Amino acid sequence: MDAGLEDTLRGCAEDGGCDRDGCVLMMSFPEDSPEASAVISEAFRIIASRTSGVGRIGAQIGVIIGPCYADCGFCSFASSVYSEEEYVMRPGDLAGYISRLTSAGEVSDISLMTVHNYEFDDLVTLAEAASEVLPDGVGLAVNTGDLSASEARELRSAGVRSAYHALRLGESIDNLLEPLGRYETIRNLRDAGIRVYMGVEPIGAEHSPDEIADLFYKAMGSGAYACSASARESVPGTRMAHLPCISRRRLLQIRSALVLSSWGREGSELGFYGGYYGGFDRVMAEYLASPKDVNDITEKGLGRTVDWAKDELRRNGFKSLALSFGGLVPL
């Protein structure tokens, strides 16, 4: 095995992480190499130790969808390809979804997803409706467009406790958004008392270890609570559907490198890495609408349901699921 990688892995284990160069090194080997296997194995060893084999599940619900004027080249809602009218979920329908998803205690977080452009009052109404029916122990999050400082405070008052927001790979190139607005929203959310989860996404075959590491370390410096990584998927009809995607194995290598480079970081979840879409001990199911799916009801399309999330945790070697109301159940 590469001697430099051996030193890096040893340092990650002893120091709780490494610098950017070490992170890049761990992602630089072919996904089918012994070095990639060593990176993945070491990440799972540390995570198993830190979590005692316990996983958690969140569920995202697409509550406001329609033609999105951010026009991301990888998204099924991009205005250049999406021709349906805007849909805003009714509060009563949202309450029904939440009741079904949380009744068994298997879901620890509910995230409300919107497109970038929408009527902000609609999201506040839905957040308030969700807060009224969420059981104790289930957190409320949003995954939405850019927000002003006053809008972030209003969401906090409506019961939102966390948010997924990220400066993505290809921002302002693959879409019509500006990085400045993304970072301003992250700052507004944090100032409002909302915990921010970020992500390095959507990763495609064209993205280098340097690009991935640069975005990850920017997230680390932006005050996020945790940072995940997710791959771009080939969504039929979108501008970027023809571009090559990365394999599940390659994504696991990237996630492992991010874990190892930051697992000892103080004041965040599992070091720096984890949270929504994170994989390993945290898996996010998706309901109603997803930017990765052309089906109107994604649980009947891609099928990333709570049952899928439990299977994903089992595949990742986790033995138990943490319940929202306390206690564990076997997976």
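Every value quoted in this text rests on a predicted model; they were computed, and no experiment measured them. (Residues numbered from 1 in each chain as written. Predicted model: local features only at pLDDT ≥ 70, side-chain atom pairs only at ≥ 80, totals over all residues. Heavy atoms only, no water.)

1. Overview of the overall build of the chain
Helix and strand counts for the chain stand at ten helices and ten strands. Taken against the 2.2 N^0.38 rule, which gives 20 Å for 331 residues, the C-alpha radius of gyration of the chain at 19 Å falls within 12% of a compact globule. Once the C-alpha set of the chain is aligned to its principal axes, its extents read approximately 60 × 45 × 40 Å. Across the 331 residues in the chain, those meeting the buried criterion constitute 57%. Across the chain, the fraction of contacts at a sequence separation of at least 24, relative to all contacts at a separation of at least 6, is 72%. On the chain, roughly 13600 Å² of surface is accessible, and the fraction owed to carbon and sulfur atoms is 48%. (Helix = DSSP H or I, 4+ residues; strand = E, 2+ residues; numbered from the N terminus. Rg over C-alpha atoms; globule rule 2.2 N^0.38 Å. Buried < 20%, exposed > 50% of the residue type's maximum accessible area, 1.4 Å probe, protein only. Contact = heavy atoms within 4.5 Å. Areas by Shrake-Rupley, 256 points an atom, 1.4 Å probe, with all protein chains shown as cover.)

2. Here's the deal with the packing of helix α2 (residues 20-27) against helix α9 (residues 248-262)
It is the contact of α2 with α9, at a shortest axis distance of 9 Å, that shows an interaxial angle of 160°. Our classification of the angle between α2 and α9 gives roughly antiparallel. Two packed elements cross with a definite hand, and for α2 against α9 that hand is right-handed. Contacts between α2 and α9 involve C23, M26 and M27 from the former and R250, Q253, I254, A257, L258, L260 and S261 from the latter. For the contact of α2 with α9, the per-class residue count stands at seven nonpolar, two polar and one charged. (Axes fitted to C-alpha atoms, helices over the stretch in contact; angles between N-to-C directions. Parallel < 35°, antiparallel > 145°, perpendicular 65-115°, else oblique. Left-handed = near helix turned anticlockwise from the far one by under 90°. Nonpolar A, V, L, I, M, F, W, Y, C, P; charged D, E, K, R; others polar.)

3. A look at the nonpolar core
One finds I61, L94, I110, L112 and L155 to be the most contacted residues of the largest nonpolar core, which totals 84 residues. Every residue in contact with L112, bar those within four places of it in the chain, is listed here: I61, V63, L94, L123, L126, A127, A130, L140, A141, V142 and N143. Counting residues in hydrophobic clusters, the runner-up holds 13 residues, among them F74, F77, Y82 and L177. (Core = buried A, V, L, I, M, F, W, Y, C linked by side-chain atoms within 4.5 Å.)

4. As for the pairing of strand β4 (residues 139-143)
Walk down a regular strand and you will see the side chains alternate between the two sheet faces. Most of β4 sits out of view: four of its five residues are buried. Here strand β3 (residues 109-114) pairs with β4 via five bridges, running parallel. Of the residues in β4, the one forming a bridge with I110 is L140. Once you follow β3 into helix α5 (residues 120-133) and on to β4, the crossover reads as right-handed. Bridging between β4 and strand β5 (residues 162-164) involves two bridges; their strand directions are parallel. (Pairing = 2+ DSSP bridges. Right-handed = clockwise from strand over helix to strand, strands pointing away.)

5. Describing the pairing of strand β1 (residues 54-65)
In terms of burial, β1 is largely enclosed, as eleven of its twelve residues are buried. Sheet topology note: the β1/strand β9 (residues 320-322) ladder contains two bridges and is parallel. Its bridge partner lying in β9, G55 is registered against L321. As paired strands, β1 and strand β8 (residues 282-287) are joined by six bridges and run parallel to one another.

6. Looking at unusual backbone geometry
The general pattern is negative phi for most residues beyond glycine and trans for most peptide bonds. The residue after E201, namely P202, is reached through a cis peptide bond having omega -5°. With respect to the helices and strands, P202 occurs in strand β6 (residues 195-203). A positive phi is found at S52, a non-glycine position, where the angle reads about 55°. Along the polypeptide, S52 turns up in the loop between α3 (34-51) and β1. The backbone phi angle of L288 is positive, close to 70°, even though this residue is not glycine. Inspection of the secondary structure assignment puts L288 in the loop between β8 and α10 (306-315).

Spatial relationships are all this shows, so hold off on functional conclusions.
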